[in-house]
Amino acid sequence: MSSMKNILVAVDFSNDDQVLLSSATQMAEMFKSKIWVVHIAAPDPDFVGYEPGPQYIRDIRASDLRTEHKTLKTYAENLDKAGIESEGLLIQGPTVETILEEAAKLNIDLFVVGNHKHSFLYRLFNEDTPIELAKKSKIPVLIVPLT
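An account of the accompanying structure is given in this report. Treat the numbers as computed from the prediction; the structure is a model and nothing was measured.

Another aspect to go through is the overall build of the protein chain. Scanning the protein chain from N- to C-terminus turns up five helices and five strands. Ordered by position from N to C terminus, the α and β elements of the protein chain give β-α-β-α-β-α-β-α-α-β. Counting across all 147 residues of the protein chain, residues that qualify as buried make up 38%. If you take every contact in the protein chain between residues at least 6 apart in sequence, the share linking residues at least 24 apart comes to 77%. With an accessible surface of roughly 9100 Å², the protein chain has 55% of that area assigned to carbon and sulfur atoms.

With that settled, the discussion passes to the sheet that holds strand β4 (residues 110–116). Read across the sheet, five strands follow the order β3-β2-β1-β4-β5 without closing on themselves; strand pairing throughout is parallel. Of all the strands in the sheet, just β3 (86–92) and β5 (141–146) have a single pairing partner and so form its edges. Across this sheet, the average inter-strand angle for adjacent strands is 25°, counted without regard to direction. Sheet topology places β4 next to β5; six bridges connect them, and they run parallel. Looking across to β5, one finds that H116 is bridged to L146. Against the sheet, helix α3 (residues 95–106) engages β1 (6–10), β2 (34–41), β3 and β4, with an angle of about 140° to β3. Lying over the sheet, helix α5 (residues 129–136) contacts β4 and β5, oriented at roughly 145° with respect to β4.

Moving on, we come to the pairing of β4. Extensive coverage of β4 is indicated by the burial of five of its seven residues. Here β1 runs beside β4; their pairing, made up of three bridges, is parallel. Of the residues in β4, the one forming a bridge with L8 is F111.

Residues three or four positions apart in an α-helix share a direction because the helix packs 3.6 residues into each turn. Here helix α2 (residues 55–81) is 27 residues long and its end C-alpha atoms lie 39 Å apart, about the 39 Å a rise of 1.5 Å per residue gives. Within α2, the full set of buried residues consists of R61, L65, E68, L72, Y75, A76 and L79. Trailing α2 by a residue or two, G83 shows a phi angle of about 90°, which is positive.

Cut-off values and rules
Residues numbered from 1 in each chain as written. Predicted model: local features only at pLDDT ≥ 70, side-chain atom pairs only at ≥ 80, totals over all residues. Heavy atoms only, no water. Helix = DSSP H or I, 4+ residues; strand = E, 2+ residues; numbered from the N terminus. Buried < 20%, exposed > 50% of the residue type's maximum accessible area, 1.4 Å probe, protein only. Contact = heavy atoms within 4.5 Å. Areas by Shrake-Rupley, 256 points an atom, 1.4 Å probe, with all protein chains shown as cover. Pairing = 2+ DSSP bridges. Axes fitted to C-alpha atoms, helices over the stretch in contact; angles between N-to-C directions. Expected span 1.5 Å × (residues − 1).

Next comes the structure, spelled out in structure tokens:
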């Protein structure tokens, strides 16, 4: 555990992000780690045919991605002010696979992810990212319970 130099925190821009960042901060302070604040954005929508889609949809999507990038930058700046080296990354793709790919590139030693309580039916039809990440990863996963 003494070589825990890179921590990846997966955020979704909810009110719970601060809980995750706080947990990651505690770990980073103990191990003098860098925190990578990562948000996996949905891939661009696929449209029928080969056209790029209506311009207004592309404009809305671009605006959303710019806003998300600014939020990640703010999170990283706040961590830097607290004396913790950090960087924010916005990546598009399928959530679990993209996190694992990025973790390999960044030499991540620990994932910090949140888990909301959901009903059986919700979990039946939706991917439970923290559980899937824990199943597929060889890297330790700190799952923080969220309300």
